[in-house]
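Chain by chain, the residues:
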Amino acid sequence: MTEMTYAQAARLGLKEELERDPTVWALGEDLGFEGGMAGQYKDLQAEYGADRIVDTPISEATIMGAAIGAALAGTRPIAELRFSDFAMCAVDELVNQAAKARYMFGGQARVPMVARMPIGIRGGIAAQHSQSPEAWYAHVPGLVVVTPATPSDNRGLLKAAIRCDDPVVYMEHKGLWGSVGEVNENDVEPLTLGKARIVKEGSDLTIVTWAGMVSVVEKAAITLSEEGVSTEVIDLRTLWPWDREAVFSSVIKTGRMMVVHEAVQVGGFGGEISSEVTEHLFDNLKGPVKRMGGARIPIPFSIPLEESYMISQEQVIAKARSFF
Amino acid sequence: MAQDQANEPERVFNMYKKMLLIRAFEEAAGENFHAGNVRGSVHQYIGEEAIAVGICANLRKEDLLTSYHRGHGHSIAKGADPRAMMLELFGRVGGTSGGKGGSMHIADFSVGMLGANGVIADGCTISVGAAQAIKLLKQDKIVVNFIGDGGINRGPFMEALNWAKIYNLPVLFVCENNQIAATTTTKTVTAGEGIAARAESYGIPAITIDGNDLLLVDNTSARIIDEIRSGSGPQLIQAMTYRLRGHFAHDKALYRIPGEAEAALEFEPVRRTESWLITQGISEEELANARDEAEQTISQYVVDAHAAPWPDIADAFTDVQDVGAPQVGVNS
Ligand SMILES: Cc1ncc(C[n+]2csc(CCOP(=O)(O)OP(=O)(O)O)c2C)c(N)n1
C-alpha cells in the first residue's frame, strides 16, 4: 500500500493506461507545463509526447467535439474540461453527439471517450467554478456518470472509464484533490463501473452518498453509530448506472434511508434514488426517505455564505436523528 | 485523380451517373415525404450534386467524411448504399441505422462516412478530432467536412478552423454556399468578406469555385486533396451553388424572388454536365439511358423500402450503451 493523494492516484491510473494502450491520449487546456489543475497530468507530456498529452486552445466545444471525432476514428481520448462549469460550453457535443452517435447510427459506431469535468466546492471559487451538475448527465441516455470519492477509486474508476466503450462523464471532486489515502499499486485492475462501495456497515439507517460528501457522511456515521444509531454508508461511485442492488439490500436491512449530496437538492439525483426506493421498498420502510442536498442558490463566495451552502457533519447527524 | 484522367469523358460520365443517382434519390425522398411514407424532415440536395460527387471522386474508401443535415448526396458520393439509405428514410429494418436515425443521421462507417448531423457545425469539431486520430495512429487518410454557408456563423466552425491549422491536420473543409440558410439570406447575417476570408484569416488556404461545374470541382479538389495528403495542412473550398428546392421537402420557398429558381435551372449541374458530355461525343440516347437507369434503380429501392419490415420494439432499447444499458419496458 502506498499513500497518495486523490490527484496523484488519478495520475497513476492515467499513466498506467497510457502505457498499456497507445490509442489512449488526453486533450485539454494547460496539461503540459501546468500538468493539470491539481497535477493530475504532471510530467506526462514530457514522457508521452505532445501528441498524446495535447495542449489545446480555449475551445471547449472542440475539446469535446474533437474527442468524439477521435473516438469515432479509433482512439480513446480523455477530454479534460477542468471544471464541470466550463464543460457547459460543450454540453451540445457531449449530449447531442457523444451520447447518441452509437444509437443514431444503428450501432455502427462507438464513442469510447472520457469527458473529465471536476465538480464541487473547493473554497472561494464561487458560482461559476463550484457546481455539481452530475444529475444532468445521469439524465442523458448513452452516458455513464462516475463520481470517485477516494484516491484508490480515482485510480481504479479512471482506468475503467478509459477502457469503457461508452462515453463516460468523469467527475472528480475538486475539494478532494489533496485528500490522502492508501492505494495498492500492485493491483492494476480497473474497478467495475456500477458497483457501489460499502464505506461502513450498519443496521439502523442507510445513507447513500457520493463524491465530496462521502468523507463527511462517513464521519457523521461514526458518531451516529457511537450514539447507538448503527449507520450504513454507501458510496455510489457511479450515478449511471447506480448500484440498485447495493442500495436496495441495505435498505431492506435497515428500513431507513437518507441520500446526501452536495448538488442542489431540487432535481438532484437523490430524488431518483428516493423515488425508486419508495416505490419498490415501501413495505420495508420504517419512515420516509429523506434527502439532503444544497439550497437552490448559486454557490456564494464569502466564507460564511459558502459554508452555509455546504452540508456539515452536524447537519447529517441531526437529520439522521430525526428518524428516531 | 491522376493528371491524365482529368476531364476524361469516361471519368466524367461515371461522376454524372453518381449525380443522377443522387438526383433520383432526392426526388424519390421528396415524393415519399409528400406521400407520407417518409417522416420527419428531408433536406434535398437537388442542384448541389456536383460538389459531393466531384470531391468524393478524389477520396479513397478509407478517407473520412462528416456531413450536415443535407447529407444524402455526401453519403451516396462517398459510397454508402442508397438502398439502405432509402430503407432508413422509411424507418425500416435494413436501413443504414436500422431505422433509428432517419434522414439527418445517415452514416456508413464501412466507407468512412461518419454521419450526417442534425446540429449545424458539429461535424466541424468531429472532423478535426478524427484527423487527430489519423495522426496519432499514423494512418494515410484525410477528413472532409461539409458545411453549409449558414453554419459558418457558429462558434464550432471557427474553433475547428483554428484547431485544424495549429495542429496542421489533414482536413478539407468544404462550404457549400447555396447562399441561403433556411429562409435567411446568409449575406444579411454574415459580417466581413465571408467564408473564404474567415479561413484565410487563420492562415488556411481557401478557394472559391463554381460548385455547379463538375469538372472544376473535380480538378480543384484533386489538386487540393493531393496537397493535403502531402501534408499541406487544412484547406477550404467554398463551392458556390444554388438550392433548387425548399429548405426541406415541405418548404415551398415563398421567401424567394419569383423566377429565381427557374432562372437557376440554366446553371444546374446535371444539365451542364450533360452539355459537356455531348461535346465529347456522348449521345443523347446514352444520357437518357443513364437517367432511366438511375430512376429505375431508386424506384426499386422504394419498392424494397415499402416491403421491408418495421423494426421490433425491442430494437429501441439496443445500442444505447454497454454499461447501464436499458432493458425493454424498464424506465428506471
Ligand atoms: C445548431 C443548430 N441551429 C439551428 C438549426 C436549425 N437549422 C437547420 S438547417 C438550418 C439552415 C442551415 O443553413 P446552411 O448551413 O446554409 O445549410 P443549407 O440548409 O442551406 O444546406 C437551420 C437554421 C440546427 N439544425 N442546428
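Please refer to the structure placed before this passage.
Cut-off values and rules
Residues numbered from 1 in each chain as written. Chains lettered and ligands numbered in written order. Predicted model: local features only at pLDDT ≥ 70, side-chain atom pairs only at ≥ 80, totals over all residues. Heavy atoms only, no water. Salt bridge = Lys/Arg side-chain N within 4 Å of Asp/Glu carboxyl O. Helix = DSSP H or I, 4+ residues; strand = E, 2+ residues; numbered from the N terminus. Buried < 20%, exposed > 50% of the residue type's maximum accessible area, 1.4 Å probe, protein only. Near = heavy atom within 4 Å. Polar contact = N/O pair within 3.5 Å; in protein donor to acceptor, adjacent residues only side chain to side chain. Areas by Shrake-Rupley, 256 points an atom, 1.4 Å probe, with all protein chains shown as cover. Contact = heavy atoms within 4.5 Å. Buried area = accessible area lost by both parts, 1.4 Å probe. Pairing = 2+ DSSP bridges. Axes fitted to C-alpha atoms, helices over the stretch in contact; angles between N-to-C directions. Core = buried A, V, L, I, M, F, W, Y, C linked by side-chain atoms within 4.5 Å. Domains from an automatic or database assignment. Phe/Tyr/Trp six-rings, centres within 6.5 Å; stacked < 30°, edge-to-face > 60°. Arc of directions from axis to C-beta.

**Q** Is there a simple way to explain the pattern of salt bridges in this structure?
**A** Any two side chains of opposite charge can pair if their charged atoms end up close together. Residues and elements named next belong to chain B. Counted under the stated rule, the structure contains 35 salt bridges over all chains. Two residues, Arg23 and Glu49, come together in a salt bridge whose shortest N-O distance is 2.5 Å. Within this pair, whereas Arg23 is found in helix α1 (residues 9–34), its partner Glu49 is found in helix α2 (residues 49–56), the two being separated by 26 residues in sequence. For the pair formed by Arg23 and Glu49, the shared burial category is buried. For Arg272, the salt bridge is made with Asp210, and the minimal N-O distance between the two is 2.9 Å.

**Q** I would appreciate a short explanation of the site of the ligand in the present structure.
**A** Residue and element names in this part refer to chain B. If you check the shell around the ligand, you find 16 residues, and the closest are His69, Arg70, Gly118, Gly150 and Ile180. Asn178 is positioned with one of its side-chain polar atoms (N or O) 3.0 Å from an oxygen atom of the ligand. Measuring from an oxygen atom of the ligand, one finds a side-chain N or O atom of His247 at 3.4 Å. Protein chains shield 73% of the accessible area of the ligand, which is 580 Å² for the free molecule.

**Q** In this structure, what is going on with the interface of chain A and chain B? I would like to understand it.
**A** Many structure descriptions define interface size as the accessible area lost when the parts assemble. Taken together, the contact between chain A and chain B spans 50 residues of the former and 42 residues of the latter. Carbon and sulfur atoms make up 59% of the surface buried where chain A meets chain B, a total of about 3600 Å² over both sides. Here chain A is connected to chain B by two salt bridges. The shortest N-O distance in the salt bridge between B:Asp322 and A:Arg102 comes to 3.0 Å. Going through the elements one at a time, β2 (24–28), β3 (53–55), α3 (60–72), α5 (91–98), α6 (101–104) and α11 (269–281) of chain A are the ones with two or more residues in the side of chain A that touches chain B.

**Q** Before we go on, may I ask you to explain the sheet that holds strand β12 (residues 238–240) of chain A in this structure?
**A** By definition, the strands of a sheet pair up through backbone hydrogen bonds, in either a parallel or an antiparallel sense. Residues and elements named next belong to chain A. Read from one edge of the open sheet, seven strands run β3-β2-β4-β5-β7-β6-β12, paired in mixed fashion. Across the chains shown, the open sheet's two edge strands, defined by having one partner strand only, are β3 and β12. Averaged over neighbouring strand pairs, the angle between their axes works out to 20 degrees when direction is ignored. When strand β6 (residues 144–146) meets β12, the two strands line up antiparallel, connected through two bridges. Bridged to Val146 within β12 is Thr238. The strands that α3 touches are β2, β4 (76–80) and β5 (114–116); relative to β4, the one it contacts most, it runs at about 175 degrees.

**Q** Quick question: what am I supposed to make of the nonpolar core here?
**A** A general feature of soluble globular proteins is that nonpolar side chains tend to end up buried together. Residue and element names in this part refer to chain A. Judged by nonpolar contacts, the single largest core of 89 residues is most densely connected at Met113, Met117, Leu236, Val247, Ile273 and Val277. Looking at this core, you find at least three residues from each of domain 1 (2–183) and domain 2 (197–321). Look past the residues within four positions of Leu236 in its chain and what remains in contact with it is Lys195, Ala196, Val208, Thr209, Trp210, Trp242, Asp243, Val247 and Ile273.

**Q** Help me understand the packing of aromatic side chains in this model?
**A** Two aromatic rings are characterised by how far apart their centres lie and by the angle between their planes. All names here are of chain A. Per the stated rule, a full pass over the model turns up 10 aromatic pairs over all chains. Ring centres of Phe83 and Phe86 lie 4.8 Å apart, and the angle between their planes is 50 degrees; on these two criteria the pair is classed as tilted. Taking the relative accessible area as the measure of exposure, Phe83 reaches 8% and is therefore buried. Residue Phe86 is classed as partly exposed on the basis of its relative accessible area of 23%.

**Q** Explain the side chain of A:Glu172 to me, please; I cannot follow it from the model alone.
**A** All names here are of chain A. Note on placement: Glu172 falls in the loop between β7 (168–170) and β8 (180–183). Within the local environment of Glu172, its side chain forms a polar contact with the side chain of Arg116, the two groups lying 2.8 Å apart. Within the local environment of Glu172, its side chain forms a polar contact with the side chain of Asn154, the two groups lying 3.1 Å apart. Aside from chain neighbours lying at most four places away, what touches Glu172 is Tyr6, Ala10, Arg116, Pro118, Ile119, Pro148, Asn154 and Trp177.

**Q** How should I be thinking about the environment of B:Asp226 in this particular structure?
**A** All names here are of chain B. Structurally, Asp226 can be placed in helix α8 (residues 214–229). With a relative accessible area of 44%, Asp226 lands in the partly exposed category. The sequence separation of Asp226 and Asn58 amounts to 168 residues, and the corresponding C-alpha distance is 8.8 Å.

**Q** Is there a simple way to think about helix α10 (residues 269–279) of chain B in this case?
**A** Helical periodicity: at 3.6 residues per turn, an α-helix aligns residues three or four positions apart in one direction. Residue and element names in this part refer to chain B. Along α10, the residues classified as buried are Pro269, Val270, Thr273, Glu274 and Leu277. Take α10 and look down its axis: the buried residues cluster within an arc of 135 degrees, on one side only. Taken together, the buried residues of α10 touch α1, α2, α8 and α11 (284–307). The opening residue of α10 is Glu268, an N-cap whose side-chain oxygen sits 3.0 Å from the backbone nitrogen of Val270. A positive backbone phi angle near 95 degrees is found at Gly281, which sits one or two residues after α10.

Don't take any of this as a statement about function, it's just geometry.
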